[in-house]
Amino acid sequence: MMARASNQLSRFNVTSLALGLAFLYLPIVILVIYSFNASRLVTVWGGWSLRWYGEFFGDGAMLDAAWMSFRVGATSATLATLLGTLAAVALSRGERFRGRTLFSGMLYAPLVMPEVITGLSLLLLFVAINAERGFWTVTIAHTTLTMCFVAVVVQARLGALDRSLEEAAMDLGCDPAQAFLRVTLPLILPSIAAGWMLAFTLSLDDLVIASFTTGPGSATLPIRIYSEVRLGVKPEINAICTLIIGLIAVVIVVASFASKLSNARGESAAPL
């Protein structure tokens, strides 16, 4: 009886949950609703309209910033996925190599390092080597930021795999590289895809590091939105943010599906 009572939601718990969800998501819901506002004033409702979405797709500067963000996000996510996956394999399968603790600490440092410090240190590096700030400097910075997140996702999946599958492949004639490509890689591929989408989302959302490493003519979408908001919130900004929310929601759904697929593959392969 006591266990059953403890599992039931009390009125206090339901109220606390509702208030917490409202605090987190009510501002987003209001932003999405007002993105369809026909009025030029963001605080005055003037009826339903798609006017501001048309304004966004007709704004050349904003579209250029959005294209810049997508190019940086896709490139940095691809590089971060490649490097993060290799790092995860090294940490999971090379447990006794010299310098493992130092390597692990340096890999995961961006997880706890303030973005201001990361952005400033990268800025000093680019200035020291006289690198022209633009697309590639932002891409390198975002790769540095997101690689550790990919490594965490892939390493967690590698740790959950049954290593006897690789050993069985090697017993059947595969060398370690072939065993990884034919057995391990297909099993961790959904987690690699999830890591890529996480890295892409983080790059698309970043403002602090990009503001340190970007140059003239290479502003990303968050930088452009921030510069517009400082002069006053325009209804067009609500439409842009709604599109970004929709994109991130799609990425989260796909990543969740990839994670479930990865777990299902691992469970189906375990009896073998």
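I will try to describe carefully the structure that is included in this document. (Residues numbered from 1 in each chain as written. Predicted model: local features only at pLDDT ≥ 70, side-chain atom pairs only at ≥ 80, totals over all residues. Heavy atoms only, no water.)

A look at the pattern of salt bridges
Summed over all chains, the structure comprises one salt bridge. The salt bridge involving Glu-228 is made with Arg-224; its shortest N-O contact spans 3.4 Å. Taken together, the residues Glu-228 and Arg-224, both in helix α11 (residues 221-229) and four residues apart, mark about one turn of the helix. Since its relative accessible area comes to 15%, Glu-228 is described here as buried. With relative accessibility at 28%, the residue Arg-224 sits in the partly exposed group. (Salt bridge = Lys/Arg side-chain N within 4 Å of Asp/Glu carboxyl O. Helix = DSSP H or I, 4+ residues; strand = E, 2+ residues; numbered from the N terminus. Buried < 20%, exposed > 50% of the residue type's maximum accessible area, 1.4 Å probe, protein only.)

Re the side chain of Thr-143
Mapped onto the secondary structure, Thr-143 falls in helix α7 (residues 135-160). On the basis of relative accessibility, which here comes to 8%, the residue Thr-143 falls in the buried class. A polar contact of 2.8 Å, which involves the side chain of Thr-143, links it to the backbone oxygen of Thr-139. Contacts of Thr-143, omitting those with residues within four sequence positions, involve Ser-76, Leu-79, Ala-80 and Leu-83. (Polar contact = N/O pair within 3.5 Å; in protein donor to acceptor, adjacent residues only side chain to side chain. Contact = heavy atoms within 4.5 Å.)

Points about the packing of helix α4 (residues 60-93) against α11
Running from amino to carboxyl end, α4 crosses α11 at an angle of 145°, the nearest separation of the two axes being 7 Å. Between α4 and α11, the residues in contact are Ala-61, Met-62, Ala-65, Ala-66 and Ser-69 and Leu-221, Pro-222, Arg-224 and Glu-228, respectively. Of the residues assigned to the contact of α4 with α11, the class counts are six nonpolar, one polar and two charged. (Axes fitted to C-alpha atoms, helices over the stretch in contact; angles between N-to-C directions. Nonpolar A, V, L, I, M, F, W, Y, C, P; charged D, E, K, R; others polar.)

Overview of the packing of α4 against α7
Remark: α4 packs on α7, axes separated minimally by 5 Å, with the N-to-C direction vectors making an angle of 40°. For the element pair α4 / α7, the angle class is oblique. The two elements α4 and α7 cross, and the hand of that crossing is right-handed. Looking at side-chain class alone, the contact of α4 with α7 contains 16 nonpolar, eleven polar and two charged residues. (Parallel < 35°, antiparallel > 145°, perpendicular 65-115°, else oblique. Left-handed = near helix turned anticlockwise from the far one by under 90°.)

A closer look at the packing of aromatic side chains
Across all of its chains, the model carries eight aromatic pairs by this definition. When the centroid spacing of 5.7 Å and the interplanar angle of 85° are considered together, the rings of Tyr-34 and Trp-45 count as edge-to-face. Here Trp-45 lies in the loop between α2 (11-34) and α3 (51-57) and Tyr-34 lies in helix α2, a separation of eleven residues in the sequence. Take Tyr-34: its relative accessible area is 24%, and that puts it in the partly exposed class. Given a relative accessible area of 36%, Trp-45 falls into the partly exposed group. Here the aromatic residues Tyr-34, Phe-36, Trp-45, Trp-48 and Tyr-53 are joined through ring pairs into a cluster of three or more. (Phe/Tyr/Trp six-rings, centres within 6.5 Å; stacked < 30°, edge-to-face > 60°.)

Re helix α8 (residues 164-171)
Residues Leu-165, Glu-166 and Ala-169 constitute the buried set of α8. Seen end-on, α8 carries its buried residues on one side only, within an arc spanning 100°. Backbone geometry just after α8 places Gly-173 at a positive phi near 115°. (Arc of directions from axis to C-beta.)

Some points on the environment of Arg-51
Tracing the sequence through the fold places Arg-51 in helix α3. Arg-51 sits in the partly exposed class, given a relative accessible area of 32%. When the C-alpha positions of Arg-51 and Leu-83 are compared, they lie 43 Å apart, and in sequence the two are 32 residues distant. Once you skip the residues sitting within four places of it in the chain, Arg-51 turns out to touch Ala-38 and Arg-40.

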